[in-house]
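Report on the structure
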Amino acid sequence: MTDLERRTPEITVATPADRGRVVDSLVAAFAADPVLTHLFPDPASYPRYAAAFFGHLFDKRVHRGTIWTIGRGASVAIWEPPVPPEREPEPADPLAAQLPADALARVHAYDAAVHAALPAGPFWYLGVLGTHPDSAGRRWGHAVMRAGLTRAAADGLPAVLETSNPANVEVYRRAGWQVLREVAEPLPTWIMRQR
């Protein structure tokens with residue numbers, strides 16, 4: 001057992017009961033993130049709109065068993081497993097009732113730009129990785145990220161993520177990720193992969 005493993009609390013798979021803590025942690029963790037400040041630029045409405053956004057991502061993935069947490073949400077990695085395209089029609093966008101039209105348009109534009117830049121073929125997708133600022137600096141983010149990387153490796157598949165924070169590019173490089181491509185619009189974004 002490594003020193004990091006001895007100091008890292010238990011990693012658990014999130015359940016619906018963890019939703020509030022996960023959402024609160026991510027809203028706090030991403031308050032200055034380039035993507036979230038692009039999507040929700042008004043500081044007064046940021047907490048409410050970011051909570052709706054992260055709650056939506058949590059709800060889409062919690063029943064797949066691919067959200068790993070430490071401290072029941074103090075640190076969280078939301079992973080999207082490789083799944084075949086669904087044959088059922090897409091339900092109405094649940095964010096439409098929670099976000100104003102301009103914010104919803106920014107969310108859709110960013111999502112479309114990122115998904116157009118993702119590689120072909122199956123992969124595990126690290127959609128969100130964040131740690132509440134009160135728990136920052138403990139390397140818990142690396143620990144919950146590793147849980148998804150372990151699953152990807154067990155499936156014999158690469159892992160993919162995107163970041164619009166230039167400082168994160170080097171952090172992810174040190175963790176074994178490599179830049180596949182850059183997206184210029186709607187804001188600079190790096191698509192990264194780890195095998």
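I will try to describe carefully the structure that is included in this document. Bear in mind that the values here come from a model prediction, so they are computed numbers and not experimental data.

This next bit is on the packing of aromatic side chains. Counting across every chain of the model gives 7 aromatic pairs. An angle of 65° between the planes, with centres 6.0 Å apart, marks the rings of Phe40 and Phe53 as edge-to-face. Placement of the pair is Phe40 in the loop between helix H3 (34-39) and helix H4 (46-61) and Phe53 in helix H4, with a sequence separation of 13 residues. Plain terms: the ring middles of Trp79 and Trp124 are 6.4 Å apart, the flat faces sit at 65° to each other, and that makes the pair edge-to-face. One end of the pair, Trp79, is in strand E3 (residues 75-80); the other, Trp124, is in strand E4 (residues 124-131), with 45 residues separating them in the sequence.

Moving on, we come to the pattern of salt bridges. A side chain with one charge can pair with a side chain of the opposite charge if their charged atoms come near. Under the criterion given, the structure shown has 5 salt bridges. A salt bridge links Arg106 to Asp102, with the nearest nitrogen and oxygen atoms 3.5 Å apart. A residue pair is termed a helical-turn pair when its members lie 3 or 4 positions apart in one helix, as Arg106 and Asp102 do in helix H5 (residues 101-117) at 4 residues. For Arg106, a relative accessible area of 21% corresponds to the partly exposed category. Linked by salt bridges that have partners in common, Arg61, Arg64 and Glu80 make up one network.

What follows concerns the environment of Phe30. Locating Phe30 in the fold gives a position in the loop between helix H2 (19-29) and H3. Sequence separation between Phe30 and Ala50 is 20 residues; the distance between their C-alpha atoms is 8.6 Å. Non-local contacts of Phe30, meaning those with residues more than four positions away in its chain, are made with Leu36, Tyr46, Phe54, Val128, Leu129 and Gly130.

What counts, and at which threshold
- Along each chain, residues carry numbers from 1 onward, in the same order as the chain's sequence is written.
- Local features are withheld for residues below a pLDDT of 70 in this predicted model, meaning they are given only at 70 or higher, and side-chain atom pairs are given and counted only at 80 or more; totals for whole chains, interfaces and linings count all residues.
- In computing side-chain properties, one takes all heavy atoms of the structure into account and sets aside hydrogens as well as water.
- Only Phe, Tyr and Trp rings are paired, with Trp represented by its six-membered ring, and only when their centres lie within 6.5 Å; those with planes under 30 degrees apart are stacked, over 60 edge-to-face, the remainder tilted.
- Secondary structure is summarised from DSSP: a helix means a run of H or I of at least four residues, a strand means a run of E of at least two, and numbering begins at the N terminus for each.
- A carboxyl oxygen of Asp or Glu within 4 Å of a side-chain nitrogen of Lys or Arg is what we treat as a salt bridge.
- Here the term buried applies to any residue with accessible area under 20% of the maximum for its type, exposed to any over 50%, and partly exposed to those in between, with areas from a 1.4 Å probe on protein chains only.
- By definition in these notes, contact holds between two residues if any of their heavy atoms fall within 4.5 Å.

No statement about biological role is implied by the geometric values presented.
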